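# A structural walkthrough
Here are the chains, one letter per residue:
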Amino acid sequence: MTDAMLLYCEVDLLCFVFMLIIVVNLWKLRRGSKQDMIFFDGAAFMGGTLLMDMLSNVLEGRPGFAVNYILYLVNALYFVFATAAACAFWCYVDYSITEDKTEVDARLKMYKIPAVCVMLISAASIFGKFIFYIDTNNCYQKGNLYVISQICISLYFVLSWLYSLVMLLRCQQVYAKRNFYRLLFNFTTLLMIGLCFQYAFSDAIIICPVASVAMFMQYSNCQNAQIQRDPLTGLNNRIRFSRYLCECCDKLSENEILSCVVFSLDSIQGINDRYGHGKGDIILAEAAGILRNVINEVPGNHFLARYSGNCFAVVSIGGVDVSDLVIKIYKDSLDNYNNSIENTHLIYISYGSAIYERFDMKPEDLIIQAEKSMKKNKTGNKVKKLSVEDLI
């Protein structure tokens, strides 16, 4: 084995370790998020691709009929795993972007059709010169249909990159989505860079190490993003909220209005004392879901966070002050929730709002003003008594 081939195998081994780290860490989540499951599949298939590539490099050129058979099997698995990984990348991007998960679930099976066709042709290459073949010197050679596998993999990569690029350009004004799409775009851009290098240097398999690095970076970025998200409600946490508020204050234009609304769930403390924190957590999650739906109805650019234990904060940027509209719609939504026969507990809130004064305020002063306004509106609402059936 030459020094160049040895270096190449070492790179493959390092990237394989990256994929192994992802697979091990996501193993516990395979019954959780479908998005994590798809990413898990992509990492597993890419790890398999790297492993087959290393075995092929180690065995290539060695004499013997047994080595010939093993090389056929290893290279067939290589193309199967590589195509499956590329398909998983595209499914991951589409599933991450599309909000209607039922709709994308129906499309996932359709996305797999080209990949399955290439896998079957790759497996058939053991019996004919389709995607590849092993010559008499036990060296890998490209088959007559090799280009089909490359077109299929390239198609998945290009679609992933274009989709993430379009969504990034569309959501420049929405902070939370913009950051998410930027991470997704960086991930797919690395895939495209690896694809371009692969076509430029076709004799070496460059796409697999580059794709592995892209996956590891995406996984690390997603883990970092989860640190800034509240696990109970799924909203942004206080750390991310503070960073966003500072960024908005620095970049606020003259014709924009920055407002902040703070909501406090007054009924939470009583429920925690009477029925335990488990019931209080349920109400917090429900209240957060209602507020998330409210934000989607209000025009403008909004950022929602769980600011403290029982407090939510909404920062809005736009041409007009929409804080009163946010408060009104949220109150109406909670009234509908409280009047629902299905609910045996009530959600009461206090609220306050403030507008950022460009030259007279610091970012933290905006929150202080909103909290002072909320304290003035504090209510003495009491929690509706829960039924015995609700506690079982």
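Cut-off values and rules
- Residues numbered from 1 in each chain as written.
- Predicted model: local features only at pLDDT ≥ 70, side-chain atom pairs only at ≥ 80, totals over all residues.
- Heavy atoms only, no water.
- Helix = DSSP H or I, 4+ residues; strand = E, 2+ residues; numbered from the N terminus.
- Rg over C-alpha atoms; globule rule 2.2 N^0.38 Å.
- Buried < 20%, exposed > 50% of the residue type's maximum accessible area, 1.4 Å probe, protein only.
- Contact = heavy atoms within 4.5 Å.
- Lys, Arg positive; Asp, Glu negative; His and termini not counted.
- Charge placed at Lys NZ, Arg CZ, Asp CG, Glu CD.
- Core = buried A, V, L, I, M, F, W, Y, C linked by side-chain atoms within 4.5 Å.
- 1 Å grid on protein atoms, 1.4 Å probe; cavity = no way out; pocket = protein on both sides within 12 Å on 5 of 7 lines; lining within 4 Å.
- Points joined across faces, edges and corners; volume = space filled by probe spheres on them.
- Nonpolar A, V, L, I, M, F, W, Y, C, P; charged D, E, K, R; others polar.
- Salt bridge = Lys/Arg side-chain N within 4 Å of Asp/Glu carboxyl O.
- Axes fitted to C-alpha atoms, helices over the stretch in contact; angles between N-to-C directions.
- Parallel < 35°, antiparallel > 145°, perpendicular 65-115°, else oblique.
- Left-handed = near helix turned anticlockwise from the far one by under 90°.
- Disulfide = S-S within 2.5 Å.
- Patch = residues over 30% accessible without salt bridge, like charges linked within 9 Å, V, L, I, M, F, W, Y side chains within 5 Å.
- Areas by Shrake-Rupley, 256 points an atom, 1.4 Å probe, with all protein chains shown as cover.
- Pairing = 2+ DSSP bridges.
- pLDDT = per-residue confidence, 0-100.

Our next topic: the overall build of the chain. In terms of regular secondary structure, the chain is built from 13 helices and six strands. By the compact-globule yardstick of 21 Å for 392 residues, the chain is too spread out, its C-alpha radius of gyration being 27 Å. Its C-alpha atoms put the chain at 85 × 55 × 35 Å along the principal axes. Taken across its 392 residues, the chain has 46% of its residues classed as buried. Contacts spanning at least 24 positions in sequence make up 70% of the contacts within the chain whose residues lie at least 6 apart. One finds the centroid of the 35 positive side-chain charges in the chain at a distance of 4 Å from the centroid of its 36 negative side-chain charges.

This next bit is on the nonpolar core. If you look at soluble globular proteins, the nonpolar side chains tend to sit buried side by side. Grouped together as the largest cluster of nonpolar side chains are 60 residues, with contacts concentrated most on Ile22, Met46, Phe89, Tyr156, Phe157 and Met215. Put simply, the parts of the chain that give this core at least two residues each are α1 (3–26), α2 (34–59), α3 (65–97), α4 (101–124), β1 (132–134), α5 (146–170), α6 (175–200) and α7 (207–227). In terms of residue count, α3 provides more of this core than any other element does, 18 residues in total. Contacts of Met215, omitting those with residues within four sequence positions, involve Met19, Ile22, Phe39, Gly42, Ala43, Met46, Phe89 and Phe187. Ile283, Ile290, Val326 and Leu334 belong to the second largest nonpolar core, which has 27 residues in total.

Picture a little ball the size of a water molecule; that probe, rolled over the atoms, points out where space is still empty. Considering only enclosed or pocket space, the second largest pocket measures out at about 570 Å³ in volume. The class makeup of the residues in the lining of the second largest pocket is 17 nonpolar, seven polar and four charged.

Applying the stated rule across the entire model yields four salt bridges. Two residues, Glu247 and Lys251, come together in a salt bridge whose shortest N-O distance is 3.8 Å. Here Lys251 and Glu247 lie together in helix α8 (residues 238–251), a separation of four residues that amounts to about one turn. For Lys328, the salt bridge goes to Asp332, with nearest N and O atoms at 3.0 Å. Separated by four residues within a single helix, Lys328 and Asp332 lie in helix α11 (residues 323–338), roughly one turn from each other. With relative accessibility at 34%, the residue Asp332 sits in the partly exposed group.

A pair of packed helices can be characterised by two numbers: the angle between their axes and the separation between those axes. Between α1 and α2, whose axes approach to 9 Å, the crossing angle comes to 155°. Judged by the angle between their axes, α1 and α2 are roughly antiparallel. Like other packed secondary-structure pairs, α1 and α2 cross with a definite hand, here left-handed. Residues Met5, Tyr8, Cys9, Asp12, Leu13, Cys15, Phe16, Met19, Ile22, Val23 and Leu26 of α1 pack against Asp36, Phe39, Phe40, Ala43, Ala44, Met46, Gly47, Leu50, Leu51, Asp53, Met54 and Asn57 of α2.

A word on the state of the cysteines. Counted according to the given criterion, the structure contains zero disulfides. Cys196 forms no disulfide, and the closest cysteine sulfur to it belongs to Cys208, at a distance of 15 Å. With no disulfide of its own, Cys249 has Cys246 as its nearest cysteine by sulfur position, at a separation of 6.6 Å. By relative accessible area, Cys249 is classed as buried at 10%.

This next bit is on unusual backbone geometry. In this structure, Asn138 is a non-glycine residue whose phi angle is positive, near 60°. With respect to the helices and strands, the residue Asn138 is situated in the loop between β1 and β2 (140–142).

Looking now at a nonpolar patch on the surface. A cluster of nonpolar side chains, contributed by Phe130, Leu145, Val147, Ile148 and Ile151, occupies part of the molecular surface with about 400 Å² of accessible area. Checked against the element boundaries, Ile151 lands in helix α5.

Spatial strand order, β4-β5-β3-β6: four strands in an open sheet with antiparallel pairing. Every other strand in the sheet has two partners, leaving β4 (301–308) and β6 (349–355) as the edge strands with one partner each. Adjacent strand axes in the sheet meet at a mean angle of 20°, parallel and antiparallel pairs treated alike. Two strands pair when backbone bridges link them, and strand β3 (residues 257–265) and strand β5 (residues 311–318) are joined in this way by eight bridges, in the antiparallel orientation. Bridging from a neighbouring strand, Ser259 pairs with Ser316 of β5. Helix α10 (residues 277–297) rests against β3, β4 and β5 of the sheet, and its axis sits at about 10° to β5. Where α11 meets the sheet, its contacts fall on β3, β5 and β6, and the angle it forms with β6 comes to roughly 170°.

Averaged over all residues, the pLDDT of the chain is 83; the fraction at 70 or higher stands at 91%. In the model of the chain, helix α13 (residues 388–391) stands out as the element of lowest mean pLDDT, 36, in contrast to α3, which has the highest, 92. Low confidence marks residues 379–392, where pLDDT is under 50. Its contacts with residues over four positions away, or in another chain, come to 24 contacts.

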